[in-house]
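Here is how the chains run, residue by residue.
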Amino acid sequence: MHSSRARFLVALFAALCLLAFAVACSRGVDDAEDAESSGDDSAEVASLTPYKPNPAAEGSIAGTVSFSGAVPEKVPISMTADAVCASANPDAHAEDIVVNGDKLANVLVYIKEGKVGDKNFGGFSFAPVAQAATLDQKGCHYVPHVIGVQVNQPFSVTNSDPTAHNVNVDARQNEKFNQGQSPGAAPINKTFKRAETVIPVKCNQHPWMRAYVGVLQHPFFAVSDASGKFEIKGVPAGTYTLVAWHEKYPTGITQTVTVGAGAPAASDFSFTAEQLKAENIEGGALRALPALEFPMLGMHH
Ligand SMILES: [Cu+2]
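Criteria and cut-off values
Just so you know, the residues in each chain are numbered from 1, in the order the chain's sequence is written. In keeping with the predicted nature of the model, local features appear solely for residues at pLDDT of at least 70, side-chain atom pairs appear and are counted solely at 80 or more, and the whole-chain, interface and lining totals rest on all residues. Excluded from the side-chain calculations are hydrogens and water; all other atoms, namely the structure's heavy atoms, are used. Each residue is placed in one exposure class: buried if its accessible area under a 1.4 Å probe, protein chains only, is under 20% of its type's maximum, exposed if it is over 50%, and partly exposed if it falls in between. Labels follow the DSSP assignment, with helices taken as runs of H or I lasting at least four residues and strands as runs of E lasting at least two, numbered in each case from the N terminus. Between any two strands, pairing holds if DSSP finds at least two bridges. Note on geometry: axes are lines fitted to C-alpha atoms, helical ones only across the stretch in contact, with angles between N-to-C directions running from 0 to 180 degrees. Working definition of a nonpolar core: buried Ala, Val, Leu, Ile, Met, Phe, Trp, Tyr and Cys residues. They are joined through side-chain atoms within 4.5 Å. Note on contacts: a residue pair is in contact if any heavy atoms of the two residues lie within 4.5 Å.

Visitor: Could you clarify how one ought to interpret the pairing of strand 16 (residues 210–216) in this entry?
Guide: Summarising burial for strand 16: seven of the seven residues are buried, a large majority. Where strand 10 (residues 146–150) and strand 16 come together, five bridges link them in parallel fashion. Looking across to strand 16, one finds that Ile 147 is bridged to Val 213. Note that strand 15 (residues 196–203) and strand 16 share five bridges and pair antiparallel. In the sheet register, Pro 200 faces strand 16, and the bridge partner there is Tyr 212. Connecting strand 15 to the next strand, strand 16, in antiparallel fashion are six residues.

Structure below.
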C-alpha cells in the first residue's frame, strides 16, 4: 500500500516536473514573442507624435447634410408598455430618419484619415477631451440620438426620466455594458478605450429606444443638427478623407476636403432615399456579417 502510494507520488512529482519544464519552455517562447511584438508596439507608439494645438495652423470644416428623394413616412411607435413614456409621447414616431425640409439630422461626420503637411494624420495622437460626452434618457428617448466621443474621453449616461431604463451598449471593439438605471440614479460613467464607429445603444425596457455612439481616436467629428448643419473646429491644416455616417447607411459617404489655416472649408453631403431605405440594419443581421458589411452596402449605390 505504502510503496504503491510512494510510487504514485514519485510519478506525480515527475509529471509535475515535466509540466513545469514544459511551461517554462513555452513561457520562454512566449516571452520571446512578446518581446518581439511589444517591440513592434512600442515602435508604433513611439512614432505617434502628440498633436500640439496651434490655432494659427488650424481651420474648420463646416457643411450641410441634405436628403434627396421621397421622405419616408415616420413610423409610429406605441409606448403603452410604460405609462410614463406613453404620457410623455402621445404621438411617438421612430427616430431613425429625421428629415426637415431636405436636410438630414443625426449624421456623424468624422475625419477618417489624411495628411497634415507631409505627415500622416494617423501618425498623431490627440489628448482626450476632458469634458464628458453625455447621453441622456429623456422622455423615453436618448438625447442626442447620435453622439460622438473621443477615445478615453469621459462618457456619461444620465436618466432624466421618472421611469427606469436599461442601458445596453453593444460594443464590439470596446467593453460592452448593460446596466439598469432607475429614476434619480447616479450617472453611469465610462470611457471607451478604442475607436469604434459606431456602437448601437438599446434600452431593454423600451425597445423603441436607440442611440448610436461613434468613438474616434481624435476630436474631429460632429453630428448634423436638425437643419443638417455640422461644424468641426480646430482641424490642423491638411487634406482629409471625411466620412458621413448614417444609421441606415453605415457604409457612409466618403469625401475629400482640404483645410487651410484660419479658413473654414466647406464639405456638404447628400444622402438619397434609396441609400437610407436599404433593407439595412436593425442592429443585427448585417452586423453579424462584418466582413460583408462594406462591400454589400457599397453596391447599393
Ligand atoms: Cu428605456
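Visitor: In this structure, what is going on with the sheet that holds strand 14 (residues 188–190)? I would like to understand it.
Guide: What links the strands of a sheet is backbone hydrogen bonding, and the strands pair in either a parallel or an antiparallel sense. Within the open sheet, the four strands sit side by side as 9-8-11-14. Their pairing is mixed. Of all the strands in the sheet, the pair left with one neighbour each is strand 9 (141–143) and strand 14. Between one strand axis and the next, the sheet turns through 20 degrees on average, direction left out of account. Both strand 11 (residues 155–159) and strand 14 contribute to a ladder of three bridges, which runs antiparallel. Across the sheet, the residue bridging to Val 157 is Ile 188, located in strand 14.

Visitor: Help me understand the nonpolar core, please; the structure alone is not making it clear to me.
Guide: When a protein is soluble and globular, its nonpolar side chains tend to lie buried together. Membership of the largest hydrophobic core comes to 30 residues, with the highest contact counts inside it found for Ile 61, Leu 104, Ile 232 and Phe 271. Secondary-structure elements contributing two or more residues to this core are strand 2 (58–68), strand 5 (108–116), strand 18 (229–236), strand 19 (238–246), strand 20 (249–259) and strand 22 (269–272). Ranked by the residues each element gives to this core, the list is headed by strand 20, at four residues. Sequence-distant contacts of Ile 61, that is, excluding residues within four places in its chain, are made with Ile 111, Phe 230, Glu 231, Ile 232, Val 235, Leu 242, Val 257, Val 259, Ala 265 and Ser 267. Tyr 142, Ile 147, Phe 155 and Met 209 belong to the second-largest nonpolar core, a separate cluster that totals 26 residues.

In short, the description is geometric, and any link to function would need to be established separately.
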